[in-house]
Every structure is written in C-alpha cells, then in structure tokens.
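Breakdown of the fold
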Amino acid sequence: MKRLIVFIACILLLATGCAKAEEHASLFDVGPLNGGAEADEAALPAPRRAEGLETVPAAGPVSTEDQEAPPSPAVTVTGTAAYVFDGAEGPTLYGAAAYENTGNCPVIITNAALSFNAGGTAYQYSFLPIMNDTTAVLPGETSFVTFWHKDPSLIPGTPAAMTARLDCARAEGRDVTVYARDVFLSDNYPGFTTMTGVLSSDGECSLNLVYTGFYDSSGDLIGVWHFTKNAPLNGRDSKSFSIHMKELPIDGLAEKTSSVKVMGIGF
C-alpha cells in the first residue's frame, strides 16, 4: 500500500513538472501587441524613406494681407551660378538664376538680363526663358531660368560669375502643378551626371516642363537643369524618369548636391 501511494505521488510530481516545462517553452507570444493594442489593432510598420536627395517643394502659395489690393507682380533673385563648359558643340557659357515670387499674384518672366564676368571679360545677354508664357509662378514659390551660349572664343574651365535682372508680368494662374520626388543623382564618366526620379501631378496634362535646382549643404545654388517629358499624367498615377545631363558637366555634381528644389508645370 505504501508503495502504491509513493508511486502515485511520483506520477503527480512528474505531471506537474512537465506542465511547467511546456509553459516556459511556448514559441508564441499570445499577449497584446504593440504595448497594449489588440492583435487586430496592430500598427503597420512605418514606411521606409525612399533613398535619394532631399527634394524641397517650391513652397506653397502665400496669401496677401489685403486680398483686395491691386495685383503687384514682383520677383527677387535668390541665387545664381555660372560656368564655362566644354559643351557638345564647343566652349559654352552657362548661367542659371533662382528667383522667388515676392508679389501678390501669379507671374511669368517677360525678360531675363544676364551679366557675366568670365576670366575678366564682361558678357551681357537678354532672352525669353523657355515657355515663359505658360510658366506661371505662384506667390511664395521659387523657380529658375537657365541659359546656354556657344562661344568658340571661350576657354572651358575659366572662372565665371553672373548677376541677373528679371522682368515679370502678372499671370492668370496655373492649371496643373507637376512634382518630382525620389530624385537621385549619379556622376558618370566622362564628366556628366544622370538624374532619376518620379513625376506626379495634381491634375491632367500631356506635357510638362520641370526645373530642378541643385543646392549644396550651405544652401548655395550649384546649377539648374530643365526638361520636358512627353508623359501624360492624370493626377493619380506617377511616371519615372531618367535623364543624362550631358550639357551640365559640373564636376562632382552628385557629390556636391545636398538638396534639390523643383518647379514643374503641366499643360
């Protein structure tokens, strides 16, 4: 009888020990997730930031203090860049200017007057920016003008500087804004940079004009590229782009660029 009692006690002790071992050996956490949220309330992982340059919006429209004030178109030049390149057709004088709409209405540029100093020699040019009549810039936005001029008398690599005077006029507004995101630059051999990214819009358009201004870590303008892409956009989808900027051979552009400002229109 004593042996039977001892035998039963041993069986009970073994059963208890096995149950505890199974409790500690559980492979799954069946408790609440994410610090208290129930399983069906678990938050999704945060989206990973797409690799690429910091793309700075051209700034949103700003309201004027007096909505009944008469239209007062005005722009302020905020940065310039100038180079003498060895272009595809020979020595080329290049200039770019960034400007902000500091007035109280949309504007277009009606004339760009650029004054260069290249190696101690002065050069002056006036021109109408590409598609100037449709490139409406809203109050508070930043946009750009670019200029290329072939001149066989120039020596590529000559130090250059530039000032700009921009004339503007009131515009009716802009139908479609085009955006660029996930912009990535890659320096290629020999001496040009490739830019890739994704375009989207806030409305329907079949063509577009996009300016991309490249800035260094100090916020200084390095250069500007503009392009058009025959890519219909409907305000919902997006289109990728890849551009070889062979006519903007700035040494180490990708390495020097810290941020990109984009100004795009659709039509």
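The structure contained in this document is the topic of the report that follows. Treat the numbers as computed from the prediction; the structure is a model and nothing was measured.

On to the overall build of the chain, then. For the chain, the helix and strand inventory stands at two helices and 15 strands. For the chain, buried positions account for 40% of its 267 residues. Counted over contacts in the chain with a minimum sequence separation of 6, partners at least 24 positions apart contribute 73%. With an accessible surface of roughly 15,600 Å², the chain has 54% of that area assigned to carbon and sulfur atoms.

Next up on the list: the environment of Asp 251. With respect to the helices and strands, Asp 251 occurs in the loop between strand 14 (239-245) and helix 2 (253-256). By relative accessible area, Asp 251 is classed as exposed at 60%. Distance from Asp 251 to Asp 187, taken between C-alpha atoms, is 8.3 Å for residues 64 residues apart in sequence.

Below, the discussion takes up the sheet that holds strand 7 (residues 160-170). Taking strand neighbours across the sheet as the criterion, the three strands line up as 5-4-7 in an open arrangement whose pairing is antiparallel. The open sheet has two free edges, formed respectively by strand 5 (121-127) and strand 7, since each of these has just one partner strand. Averaged over all pairs of adjacent strands, the angle between strand axes in this sheet comes to 15°, irrespective of strand direction. Alignment of strand 4 (residues 107-118) against strand 5, held across seven bridges, turns out to be antiparallel. Across the sheet, residue Ser 115 finds its bridge partner in strand 5, namely Gln 124.

Before going further, it helps to spend a moment on the side chain of Ser 200. Along the chain, the position of Ser 200 falls in strand 9 (residues 192-201). By relative accessible area, Ser 200 is classed as buried at 17%. For Ser 200, the contacting residues outside a window of four places in its chain are Thr 177, Val 178, Tyr 179, Arg 181, Leu 233, Asp 237 and Ser 238.

We now examine the packing of aromatic side chains. Throughout the structure, instances matching the rule amount to ten aromatic pairs. Their ring planes at 85° and their centres at 5.9 Å tell us that Trp 148 and Trp 225 sit as a pair that is edge-to-face. Placement of Trp 148 in strand 6 (residues 142-150) and of Trp 225 in strand 12 (residues 221-228) is noted, with a sequence separation of 77 residues between them. Aromatic side chains Phe 227 and Phe 241 sit 5.1 Å apart centroid to centroid with 35° between the ring planes, which places their arrangement in the tilted category. Residue Phe 227 is found in strand 12, and its partner Phe 241 is found in strand 14; the two are separated by 14 residues along the sequence. On the basis of relative accessibility, which here comes to 7%, the residue Phe 227 falls in the buried class. Of the residues examined, Phe 241 reaches a relative accessible area of 5% and is grouped as buried.

Membership of the largest hydrophobic core comes to 57 residues, with the highest contact counts inside it found for Phe 116, Met 195, Phe 214, Met 245 and Leu 248. The contacts of Leu 248, once residues within four sequence positions are left out, are Phe 85, Tyr 94, Phe 214, Val 224, Trp 225 and Leu 253.

Of all twelve residues in strand 4, nine are buried; the element is thus mostly enclosed. Here strand 4 runs beside strand 7; their pairing, made up of eleven bridges, is antiparallel. Looking at strand 7, one finds that Asn 111 is bridged to Asp 167. Connecting the antiparallel pair strand 4 and strand 5 is a turn made up of two residues, with Gly 119 showing a positive phi of about 60°.

Now for the pattern of salt bridges. The full count for this structure, using the stated rule, is four salt bridges. Ionic pairing is found between Lys 150 and Glu 89, a salt bridge with its closest N-O pair at 3.9 Å. On the criterion of sequence distance, the pair formed by Lys 150 in strand 6 and Glu 89 in the loop between strand 2 (75-87) and strand 3 (90-101) is long-range, its members being 61 residues apart. Classification of Glu 89 as exposed rests on a relative accessible area of 62%. When the shortest N-O distance is used, the salt bridge between Asp 167 and Arg 165 registers 3.8 Å. Asp 167 gets classed as partly exposed once you look at its relative accessible area, which sits at 29%.

Parameters at a glance
- Here the residue numbering is sequential within each chain, running from 1 through the sequence in written order.
- Given that this is a predicted model, residues contribute local features only at a pLDDT of at least 70 and side-chain atom pairs are listed and counted only at 80 or more, while totals for whole chains, interfaces and linings are drawn from all residues.
- Excluded from the side-chain calculation are hydrogens and water; included are all heavy atoms of the structure.
- In DSSP terms, a helix is any run of H or I states spanning at least four residues, a strand is any run of E spanning at least two, and both are numbered starting from the N terminus.
- A 1.4 Å probe rolled over the protein chains alone gives each residue an accessible area, and that area as a share of the maximum for its type sets the label: buried under 20%, exposed over 50%, partly exposed in between.
- Whether two residues are in contact is decided by their heavy atoms, any of which lying within 4.5 Å being enough.
- In short, Shrake-Rupley with a 1.4 Å probe defines the accessible areas, and a residue's cover is counted only from the protein chains shown.
- DSSP-based pairing: two strands are paired if at least 2 bridges between them are found.
- For helices, the fitted line uses only the C-alpha atoms of the stretch in contact; every axis is such a line through C-alpha atoms, and the angle between N-to-C directions lies from 0 to 180 degrees.
- The rule is short: rings of Phe, Tyr and Trp, with Trp giving its six-membered ring, pair when the centres are within 6.5 Å, and they are stacked under 30 degrees, edge-to-face over 60, tilted in between.
- In this description, a nonpolar core means a group of buried Ala, Val, Leu, Ile, Met, Phe, Trp, Tyr and Cys residues linked to one another through side-chain atoms lying within 4.5 Å.
- A pair is scored as a salt bridge if a Lys or Arg side-chain nitrogen falls within 4 Å of a carboxyl oxygen belonging to Asp or Glu.

The quantities given are spatial measurements derived from coordinates; they are silent on function.
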